[in-house]
Amino acid sequence: MRKFGSGRLRSLLIRSFQQKHILRPHHPGSLLSSSLPRFLSSSTPVLDFPPSSTSSMADPSASKLPVTLQNINPKILKCEYAVRGEIVTLAQRLQEELLANPGSHPFDEILYCNIGNPQSLGQHPITFFREVLALCDHPSILDKSETQGLFSADAIERAWQILDQIPGRATGAYSHSQGIKGLRDTIAAGIEARDGYPADPNDIFLTDGASPAVHMMMQLLISSEQDGILCPIPQYPLYSASIALHGGTLVPYFLDEASGWGLETSELKKQLEDARSKGINPRALVVINPGNPTGQVLAEDNQRQIVEFCKQEGLVLLADEVYQENVYVPDKEFHSFKKVSRSMGYGEKDISLVSFQSVSKGYYGECGKRGGYMEVTGISPDVREQIYKVASVNLCSNISGQILASLVMSPPKVGDESYELYCAEKDGILSSLARRAKTLEDALNNLEGVTCNRAEGAMYLFPRINLPQKAIKAAEAANTAPDAFYCRRLLNATGIVVVPGSGFGQVPGTWHFRCTILPQEDKIPAIVTRLTDFHKSFMDEFRN
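Right, let's walk through the structure included here. (Residues numbered from 1 in each chain as written. Predicted model: local features only at pLDDT ≥ 70, side-chain atom pairs only at ≥ 80, totals over all residues. Heavy atoms only, no water.)

**Remarks on the packing of helix H9 (residues 210-221) against helix H14 (residues 381-393)**
Look at H9 against H14: their axes get within 11 Å of each other, and the N-to-C directions meet at 125 degrees. When the interaxial angle is binned, H9 and H14 end up oblique. In this structure, the crossing between H9 and H14 has a hand that is right-handed. Counted together, Met 216, Met 217, Gln 219 and Leu 220 of H9 and Val 383, Gln 386, Ile 387, Val 390 and Ala 391 of H14 form the full contact between these two elements. Taken together, the residues of the contact of H9 with H14 break down into seven nonpolar, two polar and no charged. (Axes fitted to C-alpha atoms, helices over the stretch in contact; angles between N-to-C directions. Helix = DSSP H or I, 4+ residues; strand = E, 2+ residues; numbered from the N terminus. Parallel < 35°, antiparallel > 145°, perpendicular 65-115°, else oblique. Left-handed = near helix turned anticlockwise from the far one by under 90°. Contact = heavy atoms within 4.5 Å. Nonpolar A, V, L, I, M, F, W, Y, C, P; charged D, E, K, R; others polar.)

**Brief notes about the state of the cysteines**
Enumeration over the complete set of coordinates arrives at zero disulfides. Free of any disulfide, Cys 487 has its nearest cysteine sulfur in Cys 515, 9.7 Å distant. With a relative accessible area of 0%, Cys 487 lands in the buried category. (Disulfide = S-S within 2.5 Å. Buried < 20%, exposed > 50% of the residue type's maximum accessible area, 1.4 Å probe, protein only.)

**What to know about the pairing of strand S4 (residues 249-254)**
In this sheet, S4 lies alongside strand S3 (residues 227-233) in parallel orientation, the contact comprising six bridges. Note on S4: the bridge partner recorded for Pro 232 is Tyr 253. Between the parallel pair S3 and S4, the chain is carried across by helix H10 (residues 237-245), and the sense of this crossover is right-handed. (Pairing = 2+ DSSP bridges. Right-handed = clockwise from strand over helix to strand, strands pointing away.)

**Notes on the sheet that holds strand S14 (residues 513-516)**
Two strands in a sheet stick together by hydrogen bonds in their backbones, pointing the same way (parallel) or opposite ways (antiparallel). If you walk across this open sheet you meet the three strands as S10-S14-S13, and the pairing is antiparallel. The open sheet has two free edges, formed respectively by strand S10 (460-461) and strand S13 (499-500), since each of these has just one partner strand. Pairing of S10 with S14, which is carried by two bridges, proceeds in the antiparallel orientation. Bridging from a neighbouring strand, Leu 461 pairs with Cys 515 of S14.

**A word on the packing of aromatic side chains**
Each aromatic ring pair is summarised here by two numbers: the centre-to-centre distance and the angle between the ring planes. In this structure the tally under the stated criterion is 14 aromatic pairs. When the centroid spacing of 5.7 Å and the interplanar angle of 85 degrees are considered together, the rings of Tyr 323 and Tyr 460 count as edge-to-face. Of this pair, Tyr 323 sits in the loop between strand S6 (316-320) and helix H13 (337-343) while Tyr 460 sits in strand S10, and the two are 137 residues apart along the sequence. Relative to Phe 542, the ring of Phe 485 lies with its centre 5.7 Å away and its plane at 75 degrees, an arrangement referred to as edge-to-face. Linking Phe 485 in helix H18 (residues 482-494) with Phe 542 in helix H19 (residues 524-542), this pair joins segments that are 57 residues apart in sequence. Grouping residues by exposure puts Phe 485 and Phe 542 together as buried. (Phe/Tyr/Trp six-rings, centres within 6.5 Å; stacked < 30°, edge-to-face > 60°.)

**Looking at helix H17 (residues 469-477)**
Those residues of H17 not exposed but buried are Ala 471, Ile 472 and Ala 475. End-on view of H17: buried residues confined to an arc of 100 degrees, all on one side of the axis. The exposed set on the far side of H17, more than 90 degrees from its buried face, consists of Lys 473, Glu 476 and Ala 477. Tucked into the core, H17 has its buried residues touching H18 and H19. Just beyond H17, the residue with positive phi is Asn 479, at close to 60 degrees. (Arc of directions from axis to C-beta.)

Now the structure itself:
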């Protein structure tokens, strides 16, 4: 097997890069460091150099350039994306310094707990999925005798089935703008098996992850600042960013931290009426289940209340269900909003519902493959044509992502050669995530002034930090939010990267941070130790 690079070669490459580029972090307010949607930027534990400032920008003649912050689209300036923001930029700079000068910091590695990027933190891909992808991308090996010994029989059979559905059997060719029909058939069958209700492949739009689908729906629903989108607070900043980019108004509704981040329909009603009194026309309600960044799993009764609320108020229900496989507690289970609405007797003519799924999360964690879909129901044919038109502008989503989306919704079954290995890999990942979540949850709750709700699902914990007034004043003096101040200090002292709660929204006067549960289990003890020691030192330093 060919070896890819020795330590010496890596050092030479880094030195060569450093000689050609000025390596410095973005300014904290930099658009590029904090505002790009999740499918446009990169943040991985391997060295990821941010674009460097160039000397020409300091030249007085630079003011003659035709593009400035004063004349670009103001919607871009309003857009923020905290999970790849200032703290991550600082972490990347510290990583560069560690590579150039080992021992230059009180830690030997950066531990990225800022983003749901499982494979970057050591999670292995599901074997069956990757075997099928490899065979589809290199179909000439399907007929070779050696292939029978290297790949499982069901992976070979699935690859043949998928290739027969792709025009020209070419994964490098464009597909139908809505996605390959045969793959949509498979996904629809998977949805029907999951929910027990029919699914139509014509309702499914395959996308490069869930994010483009969210943007597509925001583009469709928002025509002016008077159009509002109800979003949970805390929320995943994709939603606030996409609403800002498309010129709408975010209408916040607060989740109840005291009741495990519960969603009260009385709060929805209050915020809806308040928005309407200000001339805002709420168009849709976003629900993230399981929750991001909060990790709660909605009870079915609560979901029924939400469906009824949307029906009565004429709102499109935008259901972010990308963590549907990530449920860690025995007293909760995932129910899709489509299943819930159909069980209530509501069909296509009763409620407009868009459900988002992604191959980036779950137990698969295939973030870089950029696969996902949205199932659009309760939308009239003429509007559906407009959605298809928007999809057509992007030609199609990538074929590998489309294939993966079909595999996620139709994995190996009992009797297939890959079934036992598939189950072992899936169960191993999910049970490990559950243990990691519990370990981190317990550690956080043992810290002075920190409370953390249990992680019922998703990939995150969102602890609340009761910061001393002295720390809050120090943050004000540094012109930064108190939770960002805490997170920056944590990073500089320990190498642990978390995201300030202010990047997700929170009840005014409260402070949080989001931490993933994704570092491999053998890293968790070190994270707990570093975090515990730092927090004690921080509280001692700023104690009132």
